Amino acid sequence: MHHLSTIAVRVRQSRWSFSILTGVCALAAIIISFLMGRNQSLWFDEQYSLLICSKPVRQMLALTAVDAHPPLYYLLLKTWMTLVGGNVAMLRLLNCIFLGATVGIMALLMRSLYGRRVAVACLPLLLCGGFILRYGYELRMYSLAMLLVVFGTYALLRATGSIPAHTQSSTASDTTESLSHHHIHGWHAVYALTVALGMYTLYLTALVWITHVLWLFICSWKDSHESTVVSRLRKLSAFRWIPIYFVSIILYLPWIPSLFGQMGHPVLPPVRRSMNMTGLANAFDAILLGRTESSMPSMASLLALSIGIAVIVRLSIAKPHDRAFLLIATLFVVPLLMMTIWSAVRELVSNGYGFFSVRYLSFTAPFLYIALALLCLHSPAIRLRTSRLLYAVVLLTLFAGTMVFATQGNYNFDRADTPGTARLAQQVRCSKAHPVVAQDEYTYIDAYWYFRDCPAYYFLDDKDVPTRGGYAPLHDSAAQLHNINNLKTDNFTLLSWSKLHDTKYDALLKSKIWKRGTVTRVNGNASVLYRSKLID
């Protein structure tokens, strides 16, 4: 009896130590991401989030319905704004908290599947995953989507009881609770709710839920002992999940009319980027090392490529019973392939304009990091010494990427620049006597939060602002100038982009009565001082 009680004490201590370590790592992820983002300038998408969250709830929902994303994140951010005010760093903290929760749940998932030892080894890769740390602080829905897809995966495995038998026996202390029917039905309900919340957060989470469905069918197909294909299809256990997904659809019904409206009037900006081999290489380079092909040494690019190939090879030789690794790896690979195929098809019918953006991979990137950890530590074909060496190489690679993300700031892979509106706004005077005029709607929103209190902040457009898309909040806005000559002042500051040549700024005005003065460039943004020629 004394021996059994000693074992029980050790088990409890081990559980407590793992829980404490997981909590510390989750807190570390919050702090690291927060420190990386607290002084970073906002860019257009983040500014848009704050712009519509500053509206009344009913108007905010109406604007969301005519844009490209669902409303859940905006509702949470608006609630958070009432608590912390307008400080950008404190606003970013909400997203960092979502990231920390993601790390904690991922650790719990790995412990349930592979035991404490592997789960603890996975934590450093998540903490050194610069890509998720970077998008962990961005004021968009990506970190919330990360949290929901990771938790949804955990709920799926709990609901199916799909933890492999060999991991259950080796980690009995971790999985002692009974999987009663009542317990399983409870996780079914949790999973259905999580799927709906994911769709209320980011439409792309559908790619994860589709991957879950594929995994369920693959597992049930392998479990079937029927002799013919038809009989197998009839008795697939995956069909039992149809009512659960039906519940998710019921929960999502209130937003479906808005979804159809968005699909009928697509408003996403065109992405002129071919999803070829270079595009895929750019994606892997960005996730692992924080750089794209054009800005990376060849050796570093080859290292990133070899890591990607290793995951694919490991996935192809996975043993039939290693369903957990199959799920973890495909949760990154399948969404990537689906986005790549869709983008390639869209390029054919849209004059070369695709769909893919590197940031769209942020909510599935944690699964790539975990797959890399499992590749190193849980592959039967790799010897222990080689396994440790591979783990060290991957960890150092991710750490180097984190340093890149920390030093290059809030880098925008689509614009290939780092926003500088925060610093630029400190150097620009804005008042009724000296207005600030953005060259267009995009530039206006890109700097909105830093000039929101200015009574003379305008944007220039001689056409009406559309009622759908990201510019819809500016429709019928008093901030619009149809003609720069309508200004009743002798001077103003133009907001534009640093990549333009000085003479290009004059062409934006479509007027000859203004004389260009000082041009100030901060990262990707620029301001240009203009003075009326009529007073000279």
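This structure is a prediction, so every number in the text was calculated from the model and none was measured. Positions within a chain are numbered from 1, following the residues in the order the chain's sequence is written. Given that this is a predicted model, residues contribute local features only at a pLDDT of at least 70 and side-chain atom pairs are listed and counted only at 80 or more, while totals for whole chains, interfaces and linings are drawn from all residues. Heavy atoms throughout the structure, all of them, feed into the side-chain values; hydrogens and water do not.

Concerning unusual backbone geometry
The phi torsion of most residues other than glycine is negative, and most of the peptide bonds are trans.
Phase 1 of the analysis: Unusually for a residue other than glycine, Ala-416 sits at a positive phi of about 55 degrees.
Phase 2 of the analysis: A run of H or I in DSSP becomes a helix once it reaches four residues, and a run of E becomes a strand once it reaches two; helices and strands are each numbered from the N terminus. Looking at the secondary structure, you find Ala-416 in the loop between α19 (384-408) and α20 (421-427).
Phase 3 of the analysis: Although it is not a glycine, Asn-523 adopts a positive phi angle of roughly 50 degrees.
Phase 4 of the analysis: If you trace the backbone, Asn-523 turns up in the loop between β5 (514-522) and β6 (525-532).

A word on the state of the cysteines
Phase 1 of the analysis: Note on disulfides: each one is a pair of cysteine sulfur atoms within 2.5 Å. Considering all chains together, one arrives at one disulfide under this definition.
Phase 2 of the analysis: What pairs with Cys-430 in a disulfide is Cys-454, and their sulfur atoms sit 1.8 Å apart. One quick way to see it: the torsion about the S-S bond of Cys-430 and Cys-454 is about -75 degrees, and its sign makes the bridge left-handed. With Cys-430 in the loop between α20 and β1 (436-438) and Cys-454 in the loop between α22 (448-451) and β2 (457-460), this residue pair connects regions lying 24 residues apart in the sequence.
Phase 3 of the analysis: No disulfide involves Cys-122; its nearest neighbouring cysteine sulfur is the one of Cys-376, lying 9.8 Å away.

A few points about the sheet that holds β2
Phase 1 of the analysis: Only strands that DSSP links by at least two bridges are regarded as paired with each other. Pairing is mixed in the open sheet, where six strands are placed in the order β3-β2-β1-β4-β6-β5. The open sheet has two free edges, formed respectively by β3 (480-481) and β5, since each of these has just one partner strand.
Phase 2 of the analysis: Two elements, β1 and strand β4 (residues 491-497), share three bridges in a ladder whose sense is parallel. The residue of β4 that forms the bridge with Ala-438 is Leu-495.
Phase 3 of the analysis: It only takes one pair of heavy atoms within 4.5 Å for two residues to be counted as in contact. Each axis is a line fitted through C-alpha atoms, taken for helices only over the stretch in contact, and angles between the N-to-C directions span 0 to 180 degrees. In the packing of helix α23 (residues 502-509) onto the sheet, the strands contacted are β2, β4, β5 and β6, and the crossing angle to β5 comes to about 125 degrees.

Quick notes on helix α5 (residues 88-114)
Phase 1 of the analysis: The terminal C-alpha atoms of α5, which comprises 27 residues, lie 39 Å apart, in line with the 39 Å expected from a rise of 1.5 Å per residue.
Phase 2 of the analysis: Bend angle per residue: angle between axes fitted to the 7 residues ending at that residue and the 7 residues starting there. Its maximal kink placed at Leu-94, α5 deviates by approximately 30 degrees.
Phase 3 of the analysis: Extensive coverage of α5 is indicated by the burial of 23 of its 27 residues.
Phase 4 of the analysis: The residue sitting at the N-terminus of α5 and contributing the capping side-chain oxygen is Asn-87; that oxygen lies 3.1 Å from the backbone nitrogen of Ala-89.
Phase 5 of the analysis: Of the residues trailing α5, Gly-115 is marked for its positive phi of about 95 degrees. The span you would expect from a helix comes to 1.5 Å times its residue count less one. The rule is simple: take the accessible area with a 1.4 Å probe, protein chains only, and divide by the maximum for that residue type; under 20% is buried, over 50% is exposed, in between is partly exposed. Under this definition, polar contacts are N or O atom pairs within 3.5 Å; protein pairs additionally need one hydrogen-donor-capable and one acceptor-capable atom, and for neighbouring residues in sequence, both atoms have to be side-chain atoms.

Focus on the environment of Leu-331
Phase 1 of the analysis: By secondary structure assignment, the location of Leu-331 is in helix α17 (residues 323-349).
Phase 2 of the analysis: In sequence terms Leu-331 and Ile-210 are 121 residues apart; their C-alpha atoms lie 9.5 Å from each other.
Phase 3 of the analysis: Setting aside anything within four residues of it in sequence, one finds Leu-331 in contact with Thr-153, Val-208, Thr-211, His-212, Thr-364 and Phe-367.

Everything listed is a geometric property; what it means functionally is a separate question.
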